Amino acid sequence: MTDKRWNDDIAYSFFTHRIFLRIYGLWPLQTQTVFTNIRWNLFLIAQFMILPFLLVDSFWSDKNAGSNIENILYFTSTVTGIIKNVCVRINKKKLATNINAAIDDWLSAKDNKETQMIMKKYALKARMLTFTLLYSAVGCFSIYVLAIVFINLQQIYFMDKNLVDANTTNWILFIPCGPLSKSINGLQFVIILVIQILQTISLCIILSIVDTFFFTMTIHLAGQLEVLRKKFTTFANESDIEANYRKKFVSLINRHSKLTEFYQNLEDTFNFLILSQLVSTTIMIALIGMRINLCINEKNHIELTKSVLVLNYLFMQSLIFTYAGDFLQTKSEDIFHALYATSWFTLPLALMKDLHFAMMRSSVLLRLTGGKFFYVNRETMMYMLKTSASYVSVLRIALRN
């Protein structure tokens, strides 16, 4: 991608994603070099290396139910982050096609104020959600780091000096790792803590930036469907000869076909990712709901606050996929209604028949799926919440018994 094609309008939509994904070696338009491959492999290895800490904590720890739930949340988030990393990497060519098309859309909209306004309206939604999710992730991460640091400093400076011993201090690490926290000294603790913080930063960023990248591209596609709907509505309003009518109609049909190809690229890239994300989010919401219940019973306000923040972030994360899928579905359905609402009765008879076939094709909606198993829309979100609430109820009863 040359600098001439990258302008302020395009940067308004993709600037943040371009910065972070280039660091990870995942930006679809960047040239693949040895250094980009090394960066991608290093970040992937850093995320994989979170799992050994969690396995150690799972098999050699005797913590309570709340800590075990936190361990499961870490494990699920790590696996989801790795899946996102791999999905984007494998489908870089398809994503590059969509981004290049988005750049062409912005460049072609310079002379059309109405189209530009529609595109900026959708780009603003994507930009707001991108910064909201990133700031939420940074906020949760910062609070968690401060809590870990505060607890460890409290152990060192505010306990009886006779009881403090470097070899027996139960250090609180960022990622739980069982008996390892009791067998390290102060220097080893600092080194491991710094490594874990860097690992978690890379995981938090990839979780957030891939979600918002998906939302930005999906919402841009929905914006192009909105532009196409307006053109379908008005193309037959002015009297013209049959050849010109057909030329306009064919160009609009070709545009719809192109947008369908871009939708298919998104579906192929993200369908498995959406499935894993929504399934894991459903489980995590249920577990966090259970953990909140335990924290309330134990009057553990610090863990309660952490759980509420994580729950809020999970709701936002799940809304990204369900809202984007529902929005795309609605805009593709509007194409069918636009064809019906156009002044079709003024068209030549042959073109009326073609319009009928176009309506039949547009009735097949552009719907994102979760692993080809279910459609992703608002109903999916409601079903997720109902399922999570059912799990929480069952777990509460099981714990009581």
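Predicted model only: the values in this text are computed from it and were never measured.

A. Molecular detail of empty space enclosed by the protein. A complete count under the given rule lists four cavities of 30 Å³ or more for this structure. Considering the residues around the largest cavity, the lining is formed by 30 residues, among which Tyr-74, Ser-77, Cys-140, Cys-204 and Val-310 are closest to the centre. Looking at the lining of the largest cavity, the elements that each hand over two or more residues are α4 (65–90), α6 (113–157), α7 (186–234), α8 (242–298) and α9 (301–341). Its residues assigned to classes, the lining of the largest cavity shows 19 nonpolar, eight polar and three charged. Counting only elements with at least two residues in the lining of the second largest cavity, the list comes to α5 (92–108), α7 and α8. A per-element tally of the lining of the second largest cavity places α5 first, with five residues. A class-by-class count of the residues in the lining of the second largest cavity yields nine nonpolar, three polar and one charged.

B. Expanded view of the layout of surface pockets. A volume near 210 Å³ is recorded for the second largest pocket. Elements with a contribution of two residues or more to the lining of the second largest pocket: α5, α6, α7 and α8. With four residues, α7 is the single largest residue contributor to the lining of the second largest pocket. Of the residues that constitute the lining of the second largest pocket, the class distribution is five nonpolar, five polar and three charged.

C. Fine view of helix α3 (residues 50–59). Among the residues of α3, Ile-50, Leu-51, Phe-53, Leu-54 and Asp-57 are the ones counted as buried. On an axial view of α3, the arc spanned by its buried residues comes to 160°, and they lie on one face.

D. Spatial organisation of the UniProt feature "transmembrane region" (unreviewed entry) in the chain. UniProt feature "transmembrane region" (unreviewed entry): in the numbering of this structure it lies at residues 38–56, 128–151, 171–194, 201–222, 272–292, 304–323 and 335–352. Split by type, residues 201–222 is 100% helix and 0% strand. Its first and last C-alpha atoms lie 31 Å apart.

E. The arrangement of the nonpolar core in detail. Counting 97 residues, the largest nonpolar core has Phe-174 and Phe-270 as the members making the most contacts within it. Among the elements that take part in this core, α7 stands out by supplying 20 residues, more than any other. In this structure, Phe-174 is in contact with Tyr-74, Phe-141, Tyr-144, Val-145, Ile-148, Leu-193, Gln-196, Ile-197 and Thr-200, ignoring residues within four places of it in sequence. Counting residues in each nonpolar core, the second largest holds eleven residues, with Leu-73, Met-284, Ile-285 and Met-290 among its members.

F. How the structure looks around the side chain of Asn-377. Tracing the backbone through its elements, the reader meets Asn-377 in the loop between β2 (374–375) and α11 (378–400). Of the polar contacts made by the side chain of Asn-377, one reaches the side chain of Gln-329; its length is 3.5 Å. Here Glu-379 takes part through its backbone nitrogen, which lies 3.1 Å from a polar atom of the side chain of Asn-377. With near-sequence residues (within four places) excluded, Asn-377 lies in contact with Thr-322, Asp-326 and Gln-329.

About the thresholds
Residues numbered from 1 in each chain as written. Predicted model: local features only at pLDDT ≥ 70, side-chain atom pairs only at ≥ 80, totals over all residues. Heavy atoms only, no water. 1 Å grid on protein atoms, 1.4 Å probe; cavity = no way out; pocket = protein on both sides within 12 Å on 5 of 7 lines; lining within 4 Å. Points joined across faces, edges and corners; volume = space filled by probe spheres on them. Helix = DSSP H or I, 4+ residues; strand = E, 2+ residues; numbered from the N terminus. Nonpolar A, V, L, I, M, F, W, Y, C, P; charged D, E, K, R; others polar. Buried < 20%, exposed > 50% of the residue type's maximum accessible area, 1.4 Å probe, protein only. Arc of directions from axis to C-beta. UniProt positions renumbered as here; feature names shortened; annotations may be inferred. Core = buried A, V, L, I, M, F, W, Y, C linked by side-chain atoms within 4.5 Å. Contact = heavy atoms within 4.5 Å. Polar contact = N/O pair within 3.5 Å; in protein donor to acceptor, adjacent residues only side chain to side chain.

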